[in-house]
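Below are the chains, spelled out letter by letter.
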Amino acid sequence: MCAKKNVHIKFDRNHINMAEETENENNLVPANDRIIPINIEDQMKSAYIDYSMSVIVSRALPDARDGMKPVHRRVLYGMLDLGVTSNKPYKKSARIVGDVLGKYHPHGDSSVYDAMVRLAQDWSMRYPLVDGQGNYGSVDGDPPAAMRYTEARLKKIAEEMLSDINKDTVDFQLNFDDSLQEPSVLPTRIPNLLVNGASGIAVGMATNMAPHNLSEVVDGTIAYIDNRDIEIPELMQYIKGPDFPTGGIIYGYNGVKDAFETGRGRIVMRGKAEIETLKNGRECIIVTEIPYQVNKANMIERTAELVNEKKIEGISTIRDESDREGFRIVYEIKREANANVVLNNLYKYTALQTSFSVNNIALVKGRPMLLNLKDMIHEFVEHRHEVVIRRTKFELSEAEKRAHILEGYLIALDHLDEVIRLIRNSATPEDARTGLMEKFGLTDIQARAILDMTLRRLTGLERDKIKEEYAELMKTIEYLKEVLADEGLRMKIIKDELIEVKEKYGDERRSLIVHSAEDMRMEDFIDDEEIVITISHNSYVKRTPLTEYRRQGRGGKGAIGSSTRDEDFTEHIITASAHNYLLLFTDQGHCFWLRAFEIPEGSRTSRGRALQNIINVPKEEKIKAFIKVANLKDQDYLENNFIIMCTKKGTIKKTSLEAYSRPRANGINAININDGDELLEACLTTGTSEIVMALRSGRAIRFNESTVRPMGRTATGVRGISLASDSDEVVGMIAVDSPETTVLVVSERGYGKRTDIEDYRVTNRGGKGVKTINVTEKTGELVAIKGVTDNDDLMIINKSGIVIRIGVDTLRVMGRATQGVRLITLNDNDEIASITKVEREEEEAEEAASNIDIDGENEVSNNASEAKDDEE
């Protein structure tokens, strides 16, 4: 009885045991020496990774150099191998498919035929590579005829992709059974990845690349060759956006920009539609182009369903009048309906508007990578450069071989009688070859070539032709050596070939690009001017052009900044650019975002608008601090800058700006506030600043920011300064980055002074600090601290609404223990409410000092402040 072999797999918790057992007539004997323990987790990982890499590299993703998947590359090379070029008769598709299957692609015949069919469809490919004859399907989703009925040959443009393939321009690899060689990539002259795009689903990743216009891509590629440091926005001046084979309208440019800059983006496509008036006075919508990859028949059918379901109203009839001349879909509009409204509904509810999600993943040196526009052009140019080098080396080698033979001919012609005599006297061809080599110093190749010469080559005319050919060949060799030695010359060759391709196959753009409403951002309509933002005690906010506040001399009474109402007064003055982001922090530690231009504009004396009507700030919370940021999308900037916050009770906290870079309508928690405390100040720092905190009692502390470690958004923070008494509190904090910065302190009765930062010694965080101003009954307690330079202006506003703007350079630097000078003249019972610094863009001429009475009825000249206000 014959032995029977069974393979058993034994499962336990950790292993699979595979055993091969032999069954015979008597018993089962396990072949223990063949049992291999395998960890099931490792085995599954290994098998899945092998499978996924096979799909990624050998099936689903295109190569970044020629834009081809293996099946497409094999179809084109198989057709070239079969000789079905553009100038030859068509061959049956079945013949082509069978040849590709048998030689290069051992998969199902439908996979090869479907790939070839797509290469021939002018609604799928922007520049079809296969010239198909017969039924190759339709844009309505009709399937192509069977391969036995259709015929095909290469398009002329496909031959540009295969050009020079026999000149050792690309690497070849063995086919599936090692019997033939196939190219690993095509030596394409066409930037096919950009021009025709690609789509494919691999394992764990997918690619979806849009087609582009050949003329634009060539122009962009030449611009890149001329300037390798060219930026993507500059490339976009040449390559405007995708160019779909079905035309249509690209609605909105933001998605195109994202796709070009990052490799990913969502491009909105619309069908091209026009509204026409019929003879009977009724309107109709004529669609002549549809979005890319939309099934026309399905779109019409779905639209009819929506009309029947009353989801789209106003359409009486839908007709498909398309023919071989082009698309034409007619939507007849009811007499009482508005055609524009109907068209917008068609865009909203049907495939007449759809999106193309760009995901530019391609293989770069065998690895899948996400590519932006510049990356794709770079990979093509590098590939083309290598092809030119290899082609030149091949041509040089062939030219030198031919020149070597011609040199032998010339030697033989110069000694013709002797050569003929030697050959005639030789007994065998071998003797003649040896004799030629010995007598005339010829190589074996030259001697054999001479023996193979026909007698007609000995005529005078033929001898002249050999000499001319040799002379031309030497020029060619010299030129080819120049090409190999000069990269600039090679790049010129690439550019010349690209221009030739453009002249042969370039055409006009089919897809129109239209800017959408989303592209027109509010900031596009608003000048990026310098503005002053004021926030009142009762949370009223407004923005005013900075130019409305003119500078005055120190000691002036100022100008009315805003009308007071119900004991309201301005608490914060923010100078910013209209396009800045504002991060607003409330006393309870919440953070909100606001674009500066979103704040309603108001005159200098207007009250403004309630902040709660602009952002979702709870009514019981007040804005206490603010930070202006130019950009919330620069990751480098976000990660290398920090926000430092302090509270009235002396707590300080440091958090990365990145934690505050994602705006939310309802705000976020910025800091955890203890009972009885509240947020007071927030500063933007680089991580290396020095912090100065000031108390109402007139003391200040200076310490290095590095002593405060970064914390999360919801942390409470650490001790920054110790309070002098229970009634004492922090009035402000500054972050000093420049040695030119001086410390400005202001008291509630209008006195202030500048002090050099070095007068404040660096101490440990959490100390009691040193005296920063001599607090007296005349000066009042400290109300503000600012870091200023001579290039700043100071804006001071009191609780009655009066504003003064003075140059900081009019204040001289004084010692820490002095009481300072009068900055603003206050009426009885008035106090300073808020102070901010304004960065001066250019030196202004000092205006004549003037003051305005509180009612704003007249202005009178203001003399210099009294001598007794000077330093005591």
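Residues numbered from 1 in each chain as written. Predicted model: local features only at pLDDT ≥ 70, side-chain atom pairs only at ≥ 80, totals over all residues. Heavy atoms only, no water.

As named in an unreviewed UniProt entry, the chain is DNA gyrase subunit A, taken from Sphingobacterium allocomposti. Regarding the chain, the UniProt comment filed under Sequence similarities (unreviewed entry) reads as follows: "Belongs to the type II topoisomerase GyrA/ParC subunit family." Recorded in UniProt under Subcellular location (unreviewed entry), the annotation for the chain is "Cytoplasm". (UniProt positions renumbered as here; feature names shortened; annotations may be inferred.)

Taking the numbering used here, the UniProt-annotated feature "active site" (unreviewed entry) corresponds to Tyr149. Take Tyr149: it is sitting in the loop between strand 6 (130–133) and strand 7 (151–154). For Tyr149, a relative accessible area of 52% translates into the label exposed. (Helix = DSSP H or I, 4+ residues; strand = E, 2+ residues; numbered from the N terminus. Buried < 20%, exposed > 50% of the residue type's maximum accessible area, 1.4 Å probe, protein only.)

The next point concerns the packing of helix 7 (residues 214–226) against helix 17 (residues 487–505). The geometry of helix 7 relative to helix 17 is characterised by a closest axis approach of 9 Å and an angle of 165° between their N-to-C directions. By the angle between their directions, the pair helix 7 and helix 17 is classed as roughly antiparallel. When you trace helix 7 past helix 17, the crossing you get is left-handed. Residues Leu214, Ser215, Val218, Asp219, Thr221, Ile222, Ile225 and Asp226 of helix 7 form the contact with helix 17, whose own contacting residues are Met491, Ile494, Lys495, Leu498, Ile499, Val501, Lys502 and Tyr505. Grouping the constituent residues of the contact of helix 7 with helix 17 by class yields ten nonpolar, two polar and four charged. (Axes fitted to C-alpha atoms, helices over the stretch in contact; angles between N-to-C directions. Parallel < 35°, antiparallel > 145°, perpendicular 65-115°, else oblique. Left-handed = near helix turned anticlockwise from the far one by under 90°. Contact = heavy atoms within 4.5 Å. Nonpolar A, V, L, I, M, F, W, Y, C, P; charged D, E, K, R; others polar.)

Grouped burial of nonpolar side chains is what soluble globular proteins tend to show. Leu76 and Leu129 are the most contacted members of the largest nonpolar core, which totals 83 residues. Two domains each put at least three residues into this core: domain 1 (69–184) and domain 3 (375–505). The contacts of Leu129, once residues within four sequence positions are left out, are Met68, Leu76, Leu119, Leu154, Lys155, Ile157, Ala158, Met161, Asn192 and Asn196. With 23 residues, the next largest nonpolar core counts Ala399, Ala412, Leu422 and Leu473 among its residues. (Core = buried A, V, L, I, M, F, W, Y, C linked by side-chain atoms within 4.5 Å. Domains from an automatic or database assignment.)

Along helix 15 (residues 444–451), the residues that are buried comprise Gln446, Ala447, Ala449 and Ile450. End-on, the buried residues of helix 15 take up no more than an arc of 160°, which puts them together on one face. Elements that come into contact with the buried residues of helix 15 comprise helix 12 (373–414), helix 13 (416–425) and helix 14 (429–440). (Arc of directions from axis to C-beta.)

What follows covers the pattern of salt bridges. Under the criterion given, the structure shown has 55 salt bridges. In this structure, the salt-bridge partner of Arg73 is Asp66, at a minimum N-O distance of 2.9 Å. Owing to a relative accessible area of 0%, Asp66 belongs among the buried residues under this scheme. Put simply, Arg662 and Glu658 hold a salt bridge, and the shortest N to O gap is 2.8 Å. For Arg662, a relative accessible area of 47% puts it in the partly exposed group. Each of Glu160, Asp164, Lys167, Arg189, Arg384, Arg391, Glu395, Glu497, Glu500 and Lys504 takes part in a single network of salt bridges with overlapping partners. (Salt bridge = Lys/Arg side-chain N within 4 Å of Asp/Glu carboxyl O.)

What follows is about the sheet that holds strand 5 (residues 91–92). To summarise the sheet geometry, strands pair through backbone hydrogen bonds and adopt either a parallel or an antiparallel arrangement. Taken together, the three strands give an open sheet; going across it, the order is 5-7-6, and neighbouring strands pair in antiparallel fashion. In this open sheet, the two edge strands, each paired with only one partner strand, are strand 5 and strand 6. Judged from the two bridges that link them, strand 5 and strand 7 form a sheet pairing that is antiparallel. Bridge pairing in strand 7 links Lys92 to Glu151. (Pairing = 2+ DSSP bridges.)

Ordered in space as 41-38-39-44, the four strands form an open sheet in which the pairing is antiparallel. The sheet is open, and its two borders are formed by strand 41 (782–788) and strand 44 (821–822), each paired with just one other strand. Pairing between strand 39 (residues 751–756) and strand 44: two bridges, direction antiparallel. The residue bridging Tyr751 from the neighbouring strand is Arg822, located in strand 44.

Taken together, the side chains of Arg699, Arg761, Lys768 and Lys771 define a basic patch exposed on the protein surface. Here Lys768 is to be found in the loop between strand 39 and strand 40 (770–771). Classification of Lys768 by relative accessible area gives exposed; the value is 58%. (Patch = residues over 30% accessible without salt bridge, like charges linked within 9 Å, V, L, I, M, F, W, Y side chains within 5 Å. Areas by Shrake-Rupley, 256 points an atom, 1.4 Å probe, with all protein chains shown as cover. Lys, Arg positive; Asp, Glu negative; His and termini not counted. Charge placed at Lys NZ, Arg CZ, Asp CG, Glu CD.)

Burial of strand 38 (residues 742–747) is extensive: six of the six residues sit out of reach of the surface. Burial of strand 38 is two-sided: the residues Thr742, Leu744 and Val746 facing one way and the residues Val743, Val745 and Ser747 facing the other way are all buried. As paired elements, strand 38 and strand 39 share five bridges and run antiparallel to each other. Within strand 39, the position partnered with Val745 by the bridge is Lys753. Here strand 38 runs beside strand 41; their pairing, made up of six bridges, is antiparallel. Residue pairing across strands places Thr742 opposite Val788, the latter belonging to strand 41.

On the surface, a cluster of negative charge is contributed by Glu478, Glu482, Asp486 and Glu487. Structurally, Glu482 is set in helix 16 (residues 460–485). Assessed through its relative accessible area of 40%, Glu482 is described here as partly exposed.

Turning our attention to the packing of aromatic side chains. Each aromatic ring pair is specified by the distance between its two centres and by the angle formed by the two planes. Scanning the entire structure with this criterion turns up seven aromatic pairs. Here the aromatic cluster, defined as three or more aromatic residues joined through ring pairs, consists of Tyr77, Tyr104 and Phe172. For the cation-ring pair, Arg270 lies above Tyr347, with the distance from its terminal atom to the ring centre recorded as 4.0 Å. (Phe/Tyr/Trp six-rings, centres within 6.5 Å; stacked < 30°, edge-to-face > 60°. Lys NZ or Arg CZ within 6 Å of the ring centre and 35° of its normal.)

Moving on, we come to the side chain of Ser124. Note that Ser124 resides in the loop between helix 4 (109–120) and strand 6. One polar contact links Ser124 to Gln121, side chain to side chain, over a distance of 2.9 Å. In this structure, Ser124 is in contact with Arg118, Pro245 and Tyr292, ignoring residues within four places of it in sequence. (Polar contact = N/O pair within 3.5 Å; in protein donor to acceptor, adjacent residues only side chain to side chain.)

So, on to helix 13. Burial in helix 13 covers these residues: Leu416, Val419 and Leu422. The buried residues of helix 13 occupy one face: seen down the axis, they fall within an arc of 130°. The exposed residues of helix 13 that point more than 90 degrees off its buried face are Asp417, Arg424 and Asn425. Those residues of helix 13 that are buried lie in contact with helix 12, helix 14 and helix 15.

Another point: the environment of Leu695. With respect to the helices and strands, the residue Leu695 is situated in strand 34 (residues 690–695). Apart from residues no more than four positions distant in its own chain, Leu695 is found in contact with Ile721, Ser722, Leu723, Ala724, Asp728, Glu729, Val730, Val731 and Leu782.

Mapped onto the secondary structure, Arg391 falls in helix 12. Setting aside residues no more than four positions away along its own chain, Arg391 makes contact with Asp164, Lys167, Thr169, Arg189, Arg384, Ile493 and Glu497.

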